[in-house]
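# A closer look at the structure
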Amino acid sequence: MTVESVRPEAQPRVASELREPPVAGGGIPLLGHGWKLARDPLAFMAGLRAHGDVVRLKLGPKTVYAVTTPDLTGSLALSPDFKIDGPLWESLEGLLGKEGVATANGPRHRRQRRTIQPAFRLDAIPAYGPIMEEEAHALTERWQPGETVDCTSESFRIAVRIAARCLLRGDYMDERAERLCNALATVFRGMYRRMVIPLGPLYKLPLPANREFNRALADLHLLVDEIVAERRASGQRPDDLLTALLEAKDENGDPIGEQEIHDQVVAIVTPGSETVASTIMWLLHVLAEHPEHADRVCAEVESVTGGRPVAFQDVRSLRHTNNVVVEAMRLRPAVWILTRRAVTDTSLGGYRIPAGADIIYSPYAIQRDAKSYADNLEFDPDRWLPERVGDVPKYAMSPFSVGNRKCPSDHFSMAQLTLITAALSTKYRFEQVPGSNDATRVGITLRPQKLLLRPVPRD
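What comes next is a walk through the structure.

Analysis parameters
- Residues numbered from 1 in each chain as written.
- Predicted model: local features only at pLDDT ≥ 70, side-chain atom pairs only at ≥ 80, totals over all residues.
- Heavy atoms only, no water.
- Phe/Tyr/Trp six-rings, centres within 6.5 Å; stacked < 30°, edge-to-face > 60°.
- Helix = DSSP H or I, 4+ residues; strand = E, 2+ residues; numbered from the N terminus.
- Buried < 20%, exposed > 50% of the residue type's maximum accessible area, 1.4 Å probe, protein only.
- Axes fitted to C-alpha atoms, helices over the stretch in contact; angles between N-to-C directions.
- Contact = heavy atoms within 4.5 Å.
- Pairing = 2+ DSSP bridges.

## With respect to the packing of aromatic side chains
- Applying the stated criterion across every chain yields a total of 5 aromatic pairs.
- Arranged with centres 5.8 Å apart and planes meeting at 75 degrees, the rings of Phe120 and Phe412 form a pair that is edge-to-face. A residue pair is termed long-range when its members are at least 10 positions apart, and Phe120 in the loop between helix H5 (106–116) and helix H6 (129–142) and Phe412 in helix H16 (residues 410–427) qualify at 292 residues. For the pair formed by Phe120 and Phe412, the shared burial category is buried.
- Aromatic pair Tyr373 and Trp384: ring centres 6.3 Å apart, planes at 70 degrees, arrangement edge-to-face. With Tyr373 in the loop between helix H14 (363–367) and helix H15 (386–389) and Trp384 in the loop between H14 and H15, this pair connects stretches of sequence that are 11 residues apart.
- The exposure class of Tyr373 is buried, given its relative accessible area of 3%.
- Of the residues examined, Trp384 reaches a relative accessible area of 4% and is grouped as buried.
- An aromatic cluster of at least three residues, connected via ring pairs, comprises Phe120, Tyr128 and Phe412.

Next up, the structure:
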């Protein structure tokens, strides 16, 4: 399955033809729609399309515009009238800062993309193959038949180790992976709360939840400082992304500042690890809940490898395995909500969007919409077969976004996810155990609440 970044045809309208988007029902005094967005956000976002292609929401005192259709989310992502900003990015500012590629706009963003892009070129990915293989097989060896696997900690461990060893050449991530896992769970939960219920000064009070959030956020930044300081002290300059950042120049030809280096490493280590780890958890859930597809993955891997351990070189031949990964991301996208901000008076779908307006949309809702997918809630990897993929509307599946904000690590992420799925499926079947809770935990990302599995060796 591939996603093309093609600009949709412009649909100009004169100002007099533009309409005001309807207001979604169900708002309450002071909190507006934020209360519903906090209580049952997935159902709330999934239900908005019934009210229109573009609808207005109230999040506290703010008016926010929600976009509900695939074509308009494509227009939003590709139009220069909108930039990365809004409630999501404001809530993430304490983590991502203002100077990293995730939050930058304009010339700074373009320059930063040029700095990091070489590490993620398609022809650069095979160099990471041995590390991905080693980590995937080490994961299967670490798990013992019949033991209970905590999928949260294990998924974070492998996601962080692959990112660190490939991109930061880190050789010290076991203990830090645990710290990252624990801190991210707290930080992303707190940031989501701050986004949907913007209570401002109340989040500065010394309440237990606020103190826990601040401790976790401080530990994340300390972790990044440790990584950068250790590289500088080592005097080593391996050909990796961290070296590229330490040698990068700004628009004037001067070395980039320490804050930008820090923010860039944060953007590499934390959101990437969070989203990949969340996807691994959902893939483990899929292997347990759909053993027929786990068996098909196993059979495919054995037909490609002839019984030897699966390797990076096999990834492109593992078509059903790839489709299992894509379908898991469709139904349970790690990034389920995104925001933009209008930089000028503009329009979407014939609706007036004023300059400065915040726009919100949900990949989760878009990717599960019955208007875009037959049997929309069914797990069906075969919908991504070449003869069927044409039935999916454009922009109804954009797991790595499109346009100049497309995730630069899309091929890197898909390679490791496919390889991990293949390695796990050929060695084990999986069963949920008592105490496991596969309900969706909603924060800035989606993951199972507490997924506990028992690996059962294949005969």
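## Here's the deal with the environment of Arg114
- Residue placement: Arg114 occurs in helix H5.
- When its relative accessible area of 58% is taken as the criterion, Arg114 is described as exposed.
- Taking the C-alpha atoms as reference points, Arg114 and Ala248, separated by 134 residues in sequence, lie 9.9 Å from one another.

## Notes on the packing of helix H12 (residues 291–305) against helix H13 (residues 319–331)
- Closest axis-to-axis distance for the H12/H13 pair is 8 Å, and the angle between their directions is 145 degrees. For the pair formed by H12 and H13, the contact residues are His293, Arg296, Val297, Glu300 and Val301 on the first element and Arg319, His320, Thr321 and Val324 on the second.

## Details of the pairing of strand S1 (residues 54–59)
- Judged from the 6 bridges that link them, S1 and strand S2 (residues 62–67) form a sheet pairing that is antiparallel. Bridge assignment links Leu59 to a residue of S2, and that residue is Lys62.
- The hairpin turn running from S1 into S2, its antiparallel successor, is 2 residues long, and Gly60 in that turn takes a positive phi close to 65 degrees.

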